[in-house]
Amino acid sequence: MDAERTKSDRILEQLRKRSVRQKIVDVEEEKVKLVIFSLADDYYAFNGSEVKEILLPPGDISYVPGAPDFVLGVINVRGDIESVIAINTFLALPESKKTSRSRIAIAVKGGVRSGIMVDSIEDVLDVPVSGIKPPLSTLDAFKKECVTGELIFKGKNVTILDTGKIFGKLAV
Amino acid sequence: MEGGGCSVCQDELTLLVFTVGGVRMAVDTAQIDGMAHPEDVQIQGRETRGFHEIISFRGPVCYKAPWVLQVKDEIMPYGVMIDQPEEIFPVNLEALQPLPHLIGAGGGSKAIWGAMVRADGTILLLVDLYKLPKCFNS
């Protein structure tokens, strides 16, 4: 009887250990949501928590006279007026042309909200934090400030941008 | 400087809608004495500038149906040339919105101070004539 109990105890003990091992395996690595987009044939990403909405560009973006060059204009988003900016110049990229794949990502960070025109949205991914590498040391100081890291997506390098830093620099 | 009493205390503004360079804008009619043809303003000797000369546009601007807004100013009344005045209508202050942060904070003109979405979904930019850069001889 004792032997049986001991055996069942041993089995239970094994089951519990297995369960603990499984729990350890099941603990998910910390992940970050990224919105991957393209600009001038390169891939970039914003932190997904900072992107509130992705919109098809309306037929008409209302130009605002006297606004800085990076401001494409304003759009009506369900009755709210949002700015639309181009970050190409900021990233030293050639100007983009609007195509059927163009999208406006509405981003919010540090109390600033704006649409950002991108050439296309490629994917929205949950990426393990360990898969993100620090920014390339070869980036110039200005860009490095606005880049939080890099990762590989579809064999290409993705530069992860800090929306808050970009908004901060544009607002100066 | 503000004409017609305390406009902030009122619930609505009366806006004059016009276009310059394809951009639809509106001004508070309390800031203007009236409108006149450019030739008539020249005769009156009131100094006048084209809107695009005061606030920069990206492309060239041509005036198809130019009119001059005669700006109320006790010291030196002046004129601002606009294109295609369209309509005058009252608007409740509730319908007006400030411009998005990056437009103003990034060095945009303070004279374009707000906007409103019209019933057809189009956007109307609001211009404060008293905040136009001072480019008139005093």
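Rules used throughout
- Within any chain, residue numbers begin from 1 and follow the written order of that chain's sequence.
- For this description, chains carry letters from A and ligands carry numbers from 1, given in the order in which they are written.
- The model is predicted, so local features are restricted to residues of pLDDT at least 70 and side-chain atom pairs to those at 80 or more, both for listing and for counting; the totals for chains, interfaces and linings are taken over all residues.
- By the criteria applied, helices consist of DSSP H or I runs no shorter than four residues and strands consist of E runs no shorter than two, each listed in order from the N terminus.
- To get the radius of gyration, use the C-alpha atoms; to get the globule rule, take the number of residues to the power 0.38 and multiply by 2.2 Å.
- Exposed residues have 12 or fewer other C-beta atoms within 10 Å of their own C-beta, buried residues have 20 or more, and partly exposed residues fall in between, where C-beta atoms are placed from the backbone.
- Two residues qualify as being in contact provided that their C-beta atoms, derived from the backbone, are within 7 Å of each other.
- When residue character is reported, Ala, Val, Leu, Ile, Met, Phe, Trp, Tyr, Cys and Pro are called nonpolar, Asp, Glu, Lys and Arg charged, and the others, Gly included, polar.
- Note: two strands are recorded as paired if DSSP finds a minimum of 2 bridges between them.
- Nonpolar cores are identified as sets of buried Ala, Val, Leu, Ile, Met, Phe, Trp, Tyr and Cys residues joined via C-beta atoms within 7 Å.
- Every axis corresponds to a line fitted to the C-alpha atoms, with the helix fit spanning only the stretch in contact, and the corresponding angles, defined between N-to-C directions, vary from 0 to 180 degrees.

What about the overall build of chain A?
For chain A, the helix and strand inventory stands at three helices and 10 strands. Taken over C-alpha atoms, the radius of gyration comes to 23 Å for chain A, far larger than the 16 Å a tight globule of 172 residues would show. Taken over the C-alpha atoms alone, chain A extends approximately 90 × 40 × 30 Å along its principal axes. Counting only residues that meet the buried cut, chain A has 28% of its 172 residues in that class. Sequence separation of 24 or more characterises 53% of the internal contacts of chain A that already satisfy a separation of 6 or more.

A short note on the overall build of chain B
Summing up its helical and strand segments, chain B has three helices and nine strands in all. Starting at the N terminus and ending at the C terminus, chain B contains elements arranged as β-β-β-α-β-α-β-β-β-α-β-β. In chain B, buried positions account for 34% of the 138 residues. Long-range contacts, defined here as pairs at least 24 residues apart, represent 61% of the contacts in chain B between residues at least 6 apart.

Topic: the interface of chain A and chain B
Taken together, the 22 residues of chain A in the interface contact 20 residues of chain B. Contributions of two or more residues to the side of chain A that touches chain B are made by β4 (71-77), β5 (80-86), β7 (112-118) and α3 (163-170) of chain A. No other element matches the four residues that β5(A) contributes to the side of chain A that touches chain B. A per-class count over the side of chain A that touches chain B returns 14 nonpolar, six polar and two charged.

Considering unusual backbone geometry
Its identity is not glycine, yet Ala92(A) carries a phi of approximately 60 degrees, on the positive side. Examined against the element boundaries, Ala92(A) turns out to sit in the loop between β5 and β6 (103-109). The backbone phi angle of Gln84(B) is positive, close to 50 degrees, even though this residue is not glycine. One can find Gln84(B) in strand β6 (residues 78-92).

Regarding the environment of Lys110(B)
One can find Lys110(B) in the loop between α3 (101-105) and β8 (112-117). Separated by 83 residues in sequence, Lys110(B) and Val27(B) have C-alpha atoms that sit 14 Å apart.

Some remarks on the pairing of strand β9 (residues 147-153) of chain A
All names here are of chain A. Strand direction decides the pairing type here: β9 and strand β10 (residues 156-161), joined by six bridges, are antiparallel. Within the sheet, the bridge partner assigned to Glu150 lies in β10 and is Thr159. Remark: two residues form the turn of the hairpin made by β9 and β10, two consecutive strands paired antiparallel; Lys154 in that turn has positive phi of roughly 50 degrees.

Side note on the nonpolar core
In terms of nonpolar packing, the biggest core is built from 70 residues, with Ala45(A), Ala105(A), Val80(B), Ala115(B), Leu125(B) and Val127(B) touching the most fellow members. Leave out the neighbours within four places in its chain, and Ala45(A) touches Leu34(A), Val35(A), Ile36(A), Val158(A), Ile160(A) and Leu161(A).

Re the sheet that holds β6(A)
All names here are of chain A. Strand order in the open sheet formed by five strands is β3-β6-β7-β5-β4, and the pairing between neighbours is mixed. Unpaired on one side and paired on the other, β3 (51-55) and β4 mark the two borders of the sheet. Going across the sheet, the axis of each strand differs from the next one's by a mean of 30 degrees, ignoring polarity. Relative to β7, β5 runs parallel, the two sharing three bridges. The residue of β7 that forms the bridge with Ala86 is Met117. Strand contacts of α3: β5, β6 and β7, with the helix running at about 90 degrees to β6, the strand carrying the most contacts.

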